[in-house]
Amino acid sequence: SKLSSVFSLSLSLYPVIELNHHVISVVPESGLLIILGFILGGIVWGADKAQTFKLLPPTFFYYLLPQIILDASYFMPNKLFFSNLGSILIYAIFGTCWNAATVGLSLWGCYEAGVMGNLDIGLLQFLLFGSLIAAVDPVAVIAVFEEVHVNEVLFILVFGESLLNDGVTVVLYNVFDAFVALGGPRIDAEEIFKGIFSFVVVAFGGSFLGVVFAVLLSLLTRCTKHIQIIEAGFVFVVGYLAYLTADMLSLSAILSVTFCGICCQKYVNANMDEKSVTTVRHAMKVLANGSETMIFVFLGITAIDTEIWVWNTGFILLTLLFVFIYRIIGVFLLTWMLNKFRLVPIEVIDQVVMSYGGLRGAVAYGLAAMLDKDKIPEKNLIISTTLIVVYFTVILQGITMKPLVQWLKVKRAAHADLKLIEKLNNRAFDHILSAVEDICGRIGDNWWTRGWNRFEENYISWLLMKPKARKNRDYLFSIFHKLNLEDAVNYVSEGERQGSLAFIRSDEVANVDFKKQFGSEFTDVMPDIMVDMSNYELGIENFSVTSIVKDTIPSVSLDIHGKDRKNVADDINAHHLLQQHLYRSRKNHRHKFSRSHFSINQSEDEVQEIFQRTMRSRLESFKSAKMGVNPAKKITKHHKKDLTHKMANGHPDGTDHLYGDEEVEGLSMFLSCLIEAGIENPVFLPAMDSPTHSSLPWLMETDAVAPSQRAQWRLLWTPNRLRRLAPMRVSTCSTDSFLMADLEEHEEKPQTDHEEEM
Amino acid sequence: MGSTNSTLLKIPNVEVLMQETGLKLVAEENCLNVSPAHIIRLHDRFKALDKEGRGHLCPHDFGAIKELAMNPIGDRIIGAFFSPGKETVDFHTFVKILAHFRPVDKDRPKEPNSPEPINSRSNKLKFAFQLYDQDKDGKISRDELLQVLRAMLGMQVTDEQLESIADRTIQEADLDRDDTISFEEFRKSLEKINIDHKMSIRFLR
């Protein structure tokens, strides 16, 4: 009744706020929600003269928090996380302990100095307070960093820290809670040792439990072939189960869910049906967004309650000060130590953002509300202070975070009006840099990662992934590669047997039919591009009309002002064109972590286009090198033409040599690329009768390939929408194909024989 | 550091390599022995790319890096690794080329007689220049510029627009009016750009 009315009111106000993007870009969503909570709290209090809506800790910890953590961990970029795990752990463990100790001790020191007046509080209680206010909150971090796009390493450090520090927080909280219950004098070395030991148990136990549930979940999804309709539900059920089980065993529940999500991602996505994967993603986002909204609104509502507010200027202000300062000191200290060991040092600016991004949130409030009033008489003071700290960090620091980041960045990059050549080169450098990074292999191919990858491939995936999904991973491409290699050798020897001109003289056209491969989504972007082979030989000269027109424009014009005007207009035009059409570099495509969007690559069309152009140009240069014809020489003059011959133009002599002598490798390379581009060259097709042709399974639009391909390859290298990799490998000798082997298991034998021949 | 030293020794000519590229073996003031790790890391990467274990890379190996196909000038950059006429890249060359992308050593003492380090601003610019200047005549002709523009711009841009952009670009940079961009003109036109930042990979420090 009341509950539902309040919620419907708040949820209806929510889109109103969302519509006002201008507001959102200044005040982070979480801040607005808290303010909304104030308003609602005011309404309820006005109606009831008492706050009947409170955020009760059980509600928060059991109904609102788990799905946020599950969502965060399910979409966690694993590679990034694990490569920075060392740093994250240092921040989480030592950073949190440092914060707790310093804040608690400083406050106690100030209390002893008499700044806070008379309070019924002792050292242990200060330490308890320190431990609950020390933890950086994942919910708040997600909410604020949503608006501020920082680089991925920085994000993962803060975010990872906020997730993993729960282990420490829970332990510290429980330990000090127990100490407070015991009373001061009974604390001795044994108790302290127990405390440290309990940290180990809680943290590692929680993580281990999470991993166990991840394995369970993966095994479940492996067996759900016949109940695909409900397999999405398993993710949520098992995730929640992980949380509850850990909590029941007094282990760290957040760590449990975190590791469950992190470890199960890959296998669940590979095993489940495509539709289930999509369902899970969307449902996860809905639940997480909803919970987050509710949490912040509740945080606001809880404020409007005269009962809980106890104001002690000294306590509150000093807490704010210490929390802020010790965070900065802690981050800089730890980073200084870490930078000695990291391959990529963390820069000063990142450290500033990291310290400023140490936001406290609902977890701190929840822990404060769970305090026992009997043992801790100043509970209300603690709650009030916690709330104020939360509001300060979320609202104030949230609002100023973005301007701060922009101000810091602006100091490094000059935004003066750039000339065309500067713009062009800027972009070129971006491309160069991402290419070199890709060549270097950003994550690193050291022994550890390779060893782990091998172990994982052979044993873990065997256990947890569906056989079909496993097969379709990289096996797909390596086997294609081998089979295409053989085809390529056959092709070349065939071509040479018939005389090398046989290839050129063919009047057939090589149809690069992108439409067929990639569906109608790309028709508007990707016209049918036909490479007319006969042109190379005959040297047909095609002029476009515009080239003729352009040549007739006199170079000297008597209309001086007209020329100037034209120049200015051209100038603006040129800048505009560059702005609009320069391909974005992959650096800009990097993970933009967002609560609401989870597609990683926004401009798939552009990537698609680049990929296909690169493949075509490789094809061109290879063909020209192989067949002894150099179309580049002939066509350089005719660059004022339609787009189709652009690629031929692109490779002057230098790069032609590139693919010259490595006959087999070069062929296989471009053939494997052709495979993805879906090129149908009649020269490739054997003389087969049409009935056989159509009965070949890979030419039919069936779901022969495991449908969760797309889910598997969310990453850039293959276009997302590639529903099926049409294996254009048409063998002249047999009808065995990779896919056929897939369909009928007993036919694997011919395929393995084939492989053995290699 | 014993294990790293033994791994390092397996790489041929490693001292010469380190001296030429500036990836130092000796500990500097502020950082512990970080750099040997880089060479080892690059060596691991080299071995991983060299799938057939031949000890050198060919264009096909680079072509196998899937992300490079997504880069409009990826193939040109691959080409930069191969000296004209050579079709393989050994580890030595691999590291030398990548060393261009080390961040500039700001506190390097200026020794008058030593050759300029490979990652100096000037050498970085030379690397970029060579990507444009495919025929290696020391100048970027209009055609070469057109090719680069064509590669970097979307298919929606028509040829006339392309030519207009190329013309204006040359106009902006070409000081001696010979309708080509020489290296000096190139360098001058990019004075304002922070090359050190844009062409450096942090983990090659």
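Residues numbered from 1 in each chain as written. Chains lettered and ligands numbered in written order. Predicted model: local features only at pLDDT ≥ 70, side-chain atom pairs only at ≥ 80, totals over all residues. Heavy atoms only, no water.

As recorded in an unreviewed UniProt entry, chain B goes by the name Calcineurin-like EF-hand protein 2, listed as coming from Cyprinus carpio carpio. Within the UniProt record for chain B, the comment given under Sequence similarities (unreviewed entry) is "Belongs to the calcineurin regulatory subunit family. CHP subfamily." (UniProt positions renumbered as here; feature names shortened; annotations may be inferred.)

Naming follows an unreviewed UniProt entry, where chain A appears as Sodium/hydrogen exchanger of Cyprinus carpio carpio. One UniProt comment on chain A, placed under Sequence similarities (unreviewed entry), says "Belongs to the monovalent cation:proton antiporter 1 (CPA1) transporter (TC 2.A.36) family." Recorded in UniProt under Catalytic activity (unreviewed entry), the annotation for chain A is "Na(+)(in) + H(+)(out) = Na(+)(out) + H(+)(in)".

A. Looking closely at the overall build of chain B. A tally of regular secondary structure across chain B gives 11 helices and four strands. The 205 residues of chain B split such that 54% are buried. A separation of at least 24 residues holds for 58% of the contacts in chain B among residues at least 6 apart in sequence. In the form shown here, chain B has an accessible surface area of approximately 9,400 Å², with 52% of it arising from carbon and sulfur atoms. (Helix = DSSP H or I, 4+ residues; strand = E, 2+ residues; numbered from the N terminus. Buried < 20%, exposed > 50% of the residue type's maximum accessible area, 1.4 Å probe, protein only. Contact = heavy atoms within 4.5 Å. Areas by Shrake-Rupley, 256 points an atom, 1.4 Å probe, with all protein chains shown as cover.)

B. Looking closely at the overall build of chain A. Counting secondary structure elements, chain A contains 35 helices and three strands. Taken over 758 residues, chain A has a buried fraction of 53%. Taking the contacts inside chain A whose residues are at least 6 apart along the sequence as the reference set, 81% of them involve residues at least 24 apart. Of the accessible surface of chain A, which amounts to about 34,400 Å², a share of 63% is contributed by carbon and sulfur atoms.

C. Helix α11 (residues 231–248) of chain A, seen in detail. Residues and elements named next belong to chain A. Along its 18 residues, α11 runs 26 Å from first to last C-alpha, staying within 8% of the 26 Å computed at 1.5 Å per residue. Those residues of α11 lying buried are Glu231, Ala232, Val235, Phe236, Val238, Gly239, Ala242, Tyr243, Thr245 and Ala246. Where α11 is buried, its residues contact α4 (57–74), α10 (189–222), α12 (253–271) and α13 (274–303). Once α11 ends, the next one or two residues include Ser250, with phi positive near 60 degrees. (Expected span 1.5 Å × (residues − 1).)

D. Structural view of the environment of Asp75 of chain B. Along the chain, Asp75 of chain B turns up in helix α5 (residues 74–81). Spatially, the C-alpha atom of Asp75 of chain B lies 8.9 Å from that of Phe62 of chain B, the residues being 13 residues apart in sequence.

E. Layout of the nonpolar core. By size, the foremost hydrophobic cluster in this structure holds 136 residues, and its most contacted members are Phe60, Leu65 and Met116 of chain A. Here the element with the most residues in this core is helix α9 (residues 152–182) of chain A; it accounts for 16 residues. In contact with Leu65 of chain A, not counting residues within four places along its chain, are Phe60, Val139, Tyr243, Ile254 and Val363 of chain A. Membership of the second largest hydrophobic core comes to 63 residues, among which are Ala435 of chain A together with Leu145, Leu149 and Met199 of chain B. (Core = buried A, V, L, I, M, F, W, Y, C linked by side-chain atoms within 4.5 Å.)

F. Quick look at the pattern of salt bridges. Residues and elements named next belong to chain B. Counted under the stated rule, the structure contains 10 salt bridges over all chains. Between Arg142 and Asp167 there is a salt bridge; the shortest N-O distance is 2.7 Å. Taken together, the residues Arg142 in helix α8 (residues 142–152) and Asp167 in helix α9 (residues 159–173) connect sequence positions 25 residues apart. We classify Arg142 as partly exposed; its relative accessible area is 22%. By sharing partners, the salt bridges in this structure join Glu52, Arg54 and Asp61 into a single network. (Salt bridge = Lys/Arg side-chain N within 4 Å of Asp/Glu carboxyl O.)

G. Structural detail: the UniProt feature "domain: EF-hand" (unreviewed entry) in chain B. Residues and elements named next belong to chain B. Those places that UniProt annotates as "domain: EF-hand" (unreviewed entry) correspond, in this numbering, to residues 120–155 and 161–196. For residues 120–155, the helix share is 64%, the strand share is 6%, and the end-to-end C-alpha distance is 35 Å. Between the end C-alpha atoms of residues 161–196 the distance is 32 Å, and the span holds 61% helix and 6% strand.

H. Representation of the packing of aromatic side chains within the structure. Evaluation of the coordinates by the stated rule reveals 23 aromatic pairs over all chains. Their ring planes at 80 degrees and their centres at 5.1 Å tell us that Phe38 of chain A and Tyr391 of chain A sit as a pair that is edge-to-face. Highlighted residues: Phe38 of chain A in helix α3 (residues 29–48) and Tyr391 of chain A in helix α17 (residues 379–410), separated in sequence by 353 residues. For Phe38 of chain A, a relative accessible area of 26% translates into the label partly exposed. Between Phe81 of chain A and Phe82 of chain A, the ring centres sit 5.3 Å apart and the planes meet at 75 degrees, which makes this aromatic pair edge-to-face. Relative accessible area serves as the criterion here: at 0%, Phe81 of chain A is assigned to the buried category. Members of the aromatic cluster, joined through ring pairs, are Phe46, Phe62, Phe81, Phe82, Phe91 and Phe94 of chain B. Between Lys285 of chain A and the ring centre of Phe75 of chain A, over which it is positioned, the NZ or CZ distance is 4.2 Å. (Phe/Tyr/Trp six-rings, centres within 6.5 Å; stacked < 30°, edge-to-face > 60°. Lys NZ or Arg CZ within 6 Å of the ring centre and 35° of its normal.)

I. Summary view of the environment of Leu333 of chain A. Tracing the chain through its elements places Leu333 of chain A in helix α14 (residues 313–338). In sequence terms Leu333 of chain A and Gly95 of chain A are 238 residues apart; their C-alpha atoms lie 9.4 Å from each other.

J. Just the environment of Val95 of chain B, in detail. Residues and elements named next belong to chain B. Secondary-structure assignment places Val95 in helix α6 (residues 91–99). For Val95, a relative accessible area of 0% gives the class buried. It is 10.0 Å that separates the C-alpha atoms of Val95 and His38, two residues lying 57 residues apart in sequence.

K. Quick look at unusual backbone geometry. Residues and elements named next belong to chain B. Here Lys136, not a glycine, exhibits a phi torsion of approximately 55 degrees, which is positive. Judged by relative accessible area, Lys136 falls into the partly exposed class, the value being 49%. Positive phi, normally seen in glycine, also occurs at Asp179, with a value near 65 degrees. Considering the arrangement of structural elements, one finds Asp179 in the loop between α9 and β4 (181–182).

L. Quick peek at the state of the cysteines. As enumerated under the stated definition, the model contains zero disulfides over all chains in all. The cysteine Cys263 of chain A is free of any disulfide, with Cys264 of chain A supplying the nearest cysteine sulfur at 7.9 Å. (Disulfide = S-S within 2.5 Å.)

M. View of the confidence of the model for chain B. Residue and element names in this part refer to chain B. For chain B, the mean per-residue pLDDT works out to 75, and 73% of the residues sit at or above 70. In the model, residues 25–34 has pLDDT below 50 throughout and makes 10 contacts with residues more than four positions away in sequence or in other chains. Listed scores for the predicted complex are pTM 0.61 and ipTM 0.86. (pLDDT = per-residue confidence, 0-100.)

N. Summary view of the packing of α8 of chain B against α9 of chain B. Residues and elements named next belong to chain B. Remark: α8 packs on α9, axes separated minimally by 10 Å, with the N-to-C direction vectors making an angle of 125 degrees. Accordingly, the angle class assigned to the pair α8 and α9 is oblique. Crossing geometry of α8 relative to α9 is assigned as right-handed. Residue-level contacts link Arg142, Leu145, Leu146, Leu149 and Arg150 of α8 to Asp159, Leu162, Glu163, Ile165, Ala166, Asp167, Thr169 and Ile170 of α9. Here the contact of α8 with α9 is built from residues that sort into seven nonpolar, one polar and five charged. (Axes fitted to C-alpha atoms, helices over the stretch in contact; angles between N-to-C directions. Parallel < 35°, antiparallel > 145°, perpendicular 65-115°, else oblique. Left-handed = near helix turned anticlockwise from the far one by under 90°. Nonpolar A, V, L, I, M, F, W, Y, C, P; charged D, E, K, R; others polar.)

O. Structural detail: the confidence of the model for chain A. Residues and elements named next belong to chain A. Looking at chain A as a whole, its pLDDT mean stands at 69, while 60% of the residues score no less than 70. Mean pLDDT per element in chain A: helix α24 (residues 534–538) is the minimum at 34, and α11 is the maximum at 93. Scored below 50 in pLDDT, residues 501–560 makes 86 contacts in the model with residues more than four places away or belonging to other chains. The low-confidence segment residues 670–758, where pLDDT is below 50, has 154 contacts with residues more than four positions distant or belonging to other chains.

P. Structural view of a nonpolar patch on the surface. Taken together, the side chains of Trp98, Leu321, Ile325, Ile329 and Leu333 of chain A define a hydrophobic patch exposed on the protein surface, amounting to about 410 Å² of accessible area. With four residues, the single largest contributor to the nonpolar patch is α14 of chain A. (Patch = residues over 30% accessible without salt bridge, like charges linked within 9 Å, V, L, I, M, F, W, Y side chains within 5 Å.)

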